[in-house]
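# Close look at the chain arrangement
Each chain, written out:
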Amino acid sequence: MTVGDGSASSASAGEADADGYSVPTYSDAAGTSRVSGGPATRRRRTPRVSVRPVRTSNVTVTRAVLVRSSYLSRLLAHKVISASEADGARESGLTALIWNQVMSYAADAMVTVALAGTVFFSAPSEAQRGNVLLYLLMTMAPFAIVAPVIGPALDRVQHGRRWVMAGTALGRAALAIVMAMHFTDLLVLFPAALGSLVLSKAYAVIRSSAAPRLVPTNLTLVEANARLSMFGLVAAVLGGALSGVAIKATGSYPFGLCITAAAFTMTGVSALRLPKIVDALPATLRYKGDLRAARASRRRPSGLFGRLVEWTRRGFAPPVIVALQGESTLRWLAGFMTMFLAFYIESVSHGWQAVASLGALGAVSGVGNFVGTGIGTRLRMARPDLIILLCTAAAATGCVVGAVLFSLPLAIGSMLICAVSNSLSKLSLDAIIQRDVAETLRSSAFGRSETFLQLAWVLGATIALLLPSGNGRIGFIVAACVLVFVSITMSLHERALRSHRLRAQQA
């Protein structure tokens, strides 16, 4: 290559020079190619080539959907975590209890889905009713024996609540393994399911007793309970769906129960990591003298019947008793309507129509619980007694309408009203117990209330099984009579309590 006074000859664009390199080429904004070579630079028009990746429309749409789904998932996870930590819940320890309950509720729902397949639908149609009745009777009987033991024992457990919660979770994990190994043997499956149910209720009792110690200052007990319930309901839906998908994909109920055992194990580990304040004594019971005084105040009458009456009423003020009557009736209605409508749909519908109807029945139950809990998060609950009365009256109205104008869509709509009323009434009952029951008796009070509610649900489901399932109007007539009678009785009791309070204030 010759270097001269600037008039050196230049090769044409694209030609290689003597040293083997091509002459540099530049492009202006107009797309004109210029070859460097001094003042005599030549210009030529070259086509602009754009290189784009070759992709099909399906790939583009799939990638866009994945990107959008990932963004929405991250946004949803951020919203959920923020909601669990809002209002000082993270600092007080309520967030840790929320996520522990999330795992517990999800695992309980997984057990329910697995048992629904093994107990309800694995048997022939003529044997399903007998299997369900046997399960309900086995569930109903032991609660009358276990409840007097669980409540007082939990009242005495002040320093080991985290260990009790972990023990109930690990016990349910062991029972899930037992059910997975003997899921075709009803003599083993039913007692194991009963034990899991009892441990689940024990967990609910100890969680309700521990929750007030973790409530931040800017949250009320009712709002904290509603937040716990909302997260628990969402977890139950997701856990049940996960178990159903796993069982459907593998075709194995034991596999679904093994997943459930793993979930319960994680729940137990999470319970041990709860804040230590859960195990702390309340401020009013720091000294042993206070504990002895609290125990001495529990007078035990003589006689079996007297002791039974004293046990049912121990620590319960008259407003608590009336509220428990109302919520027990609504829980009875939930068991009655769920079982009656399930067998009614099975007897009058077939194929996809039956599947759609059962799906709608389950959907309205879940939606009703969500709606009732959501309403509870927005209410101040200044008068929870009145809320229970209104919920009972609303459920009675829905049953009366269903009895007069019966149809399957109207029955499912009435089920929605009952689910909303039941959920909102349960929050009100918890608020009344936490308001009117002394902390020394609160665990046993929650234990007895949960026992009564469970017995009410089982009683309603048992009565539904004994009724003919081909006539839907009969079920609504029975439900309407019970709800109307209880609503009138509660109204009279509320009026008497109000008059007593007015006379006490005037005196």
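Residues numbered from 1 in each chain as written. Predicted model: local features only at pLDDT ≥ 70, side-chain atom pairs only at ≥ 80, totals over all residues. Heavy atoms only, no water.

## What about the confidence of the model for the chain?
Across the chain, the average pLDDT comes to 75, with 72% of residues at or above 70. Overall, residues 1-43 carries pLDDT values under 50, and its contacts beyond four positions in sequence, including any with other chains, amount to 49 contacts. (pLDDT = per-residue confidence, 0-100. Contact = heavy atoms within 4.5 Å.)

## Observations regarding the nonpolar core
Among soluble globular proteins, nonpolar side chains are generally buried collectively. Residues L333, F336, M337, L341, F476 and L483 are the most contacted members of the largest nonpolar core, which totals 35 residues. Ranked by the residues each element gives to this core, the list is headed by helix α11 (residues 318-348), at 11 residues. Beyond its immediate sequence surroundings of up to four residues, L333 is in contact with A395, C399, C418, A479 and L483. Membership of the second largest hydrophobic core comes to 22 residues, among which are A89, A166, I206 and V278. (Core = buried A, V, L, I, M, F, W, Y, C linked by side-chain atoms within 4.5 Å. Buried < 20%, exposed > 50% of the residue type's maximum accessible area, 1.4 Å probe, protein only. Helix = DSSP H or I, 4+ residues; strand = E, 2+ residues; numbered from the N terminus.)

## Comments concerning the pattern of salt bridges
Applying the stated criterion across every chain yields a total of three salt bridges. E327 is paired through a salt bridge with R331; the nearest N and O atoms lie 3.4 Å apart. One end of the pair is E327 and the other is R331, both in helix α11 and four residues apart, which spans about a single turn. R331 gets classed as buried once you look at its relative accessible area, which sits at 15%. Across the pair K426 and D430 runs a salt bridge whose closest N-O atoms are separated by 2.9 Å. Of this pair, K426 and D430 both sit in helix α14 (residues 408-436), four residues apart, roughly one helical turn. Given the relative accessible area of 16%, K426 is considered buried. (Salt bridge = Lys/Arg side-chain N within 4 Å of Asp/Glu carboxyl O.)

## Structural notes on the state of the cysteines
Per the counting criterion, the structure on display carries zero disulfides. Distance from the sulfur of C399, which forms no disulfide, to the nearest cysteine sulfur (C418) is 4.4 Å. Classification of C399 by relative accessible area gives buried; the value is 0%. (Disulfide = S-S within 2.5 Å.)

## Overview of the packing of helix α6 (residues 186-210) against helix α15 (residues 442-466)
Contact geometry for α6 and α15: axes closest at 9 Å, N-to-C directions at 140°. Relative to α15, the element α6 lies oblique. In terms of crossing hand, the pair formed by α6 and α15 is right-handed. Of the residues in α15, those in contact with L197, K201, V205, S208 and S209 of α6 are R442, S443, F446, G447, E450 and Q454. Split into classes, the residues belonging to the contact of α6 with α15 amount to three nonpolar, five polar and three charged. (Axes fitted to C-alpha atoms, helices over the stretch in contact; angles between N-to-C directions. Parallel < 35°, antiparallel > 145°, perpendicular 65-115°, else oblique. Left-handed = near helix turned anticlockwise from the far one by under 90°. Nonpolar A, V, L, I, M, F, W, Y, C, P; charged D, E, K, R; others polar.)

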